[in-house]
Amino acid sequence: MTELATTTQAPATELEPGVWILESGEDYEGGSIKGVYTDRDLAADDFLDLVRDLARNNRLDVDRSGEDPATCDLYVHGGCDWISLTRYPVTTRRQLR
């Protein structure tokens, strides 16, 4: 009898080089980049600092927050303010058209 070997592969998005971009802004006003990180864990402290500042300075209740299970992106929304930590792929070579 022949057995089939199974392997667990990482999702394609984990295999692609990428960066994590920390942004904050206001609904309908846009936002700005607060930091760019090579790893999500490296951005965690800065993300939490922005959330604390948002809650403390604006005395806003957070009405939505969470993590996207498919991408591991983080987001917080309070009033009209938002903060996000999103992974973006990095192009390492010229794309063919």
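Things to note about the sheet that holds strand E3 (residues 64–67)
Phase 1 of the analysis: In space, the 5 strands of this open sheet follow the order E2-E1-E5-E4-E3, with antiparallel pairing throughout. Every interior strand has two partners, whereas the edge strands, strand E2 (30–37) and E3, have only one. The sheet shows a mean angle of 20 degrees between the axes of neighbouring strands, taken without regard to direction.
Phase 2 of the analysis: Bridge analysis of strand E4 (residues 74–78) against strand E5 (residues 81–89) gives 5 bridges, and the strand direction is antiparallel. From the neighbouring strand, histidine 77 faces E5, where its bridge partner is tryptophan 82.

Brief notes about the side chain of histidine 77
Phase 1 of the analysis: The topology assignment puts histidine 77 in strand E4.
Phase 2 of the analysis: Judged by relative accessible area, histidine 77 falls into the buried class, the value being 9%.
Phase 3 of the analysis: A polar contact is formed between the side chain of histidine 77 and the side chain of aspartate 27, at a distance of 2.8 Å.
Phase 4 of the analysis: Once residues lying within four places of it in the same chain are set aside, the contact partners of histidine 77 are Asp27, Val62, Asp63, Arg64 and Trp82.

Looking at the pairing of E3
Phase 1 of the analysis: The sheet contact formed by E3 and E4 spans 4 bridges and is antiparallel. The residue bridging arginine 64 from the neighbouring strand is histidine 77, located in E4.
Phase 2 of the analysis: The hairpin formed by E3 and E4 contains 6 residues between the paired strands, and cysteine 72 there has a positive phi angle of roughly 70 degrees.

What to know about the pairing of strand E1 (residues 18–26)
Phase 1 of the analysis: Bridge count between E1 and E5: 9 bridges; the pairing is antiparallel. Residue pairing in the sheet places glycine 25 in a bridge with tryptophan 82 of E5.
Phase 2 of the analysis: Inspection of the sheet shows E1 paired to E2 by 7 bridges, in the antiparallel sense. Within E2, the position partnered with tryptophan 20 by the bridge is tyrosine 37.
Phase 3 of the analysis: Taking the residues that link successive antiparallel strands as the turn, the E1-E2 hairpin has 3 residues, and the phi of tyrosine 28 there is positive, at about 65 degrees.

Reading guide: rules and limits
- Residues numbered from 1 in each chain as written.
- Predicted model: local features only at pLDDT ≥ 70, side-chain atom pairs only at ≥ 80, totals over all residues.
- Heavy atoms only, no water.
- Pairing = 2+ DSSP bridges.
- Helix = DSSP H or I, 4+ residues; strand = E, 2+ residues; numbered from the N terminus.
- Axes fitted to C-alpha atoms, helices over the stretch in contact; angles between N-to-C directions.
- Buried < 20%, exposed > 50% of the residue type's maximum accessible area, 1.4 Å probe, protein only.
- Polar contact = N/O pair within 3.5 Å; in protein donor to acceptor, adjacent residues only side chain to side chain.
- Contact = heavy atoms within 4.5 Å.

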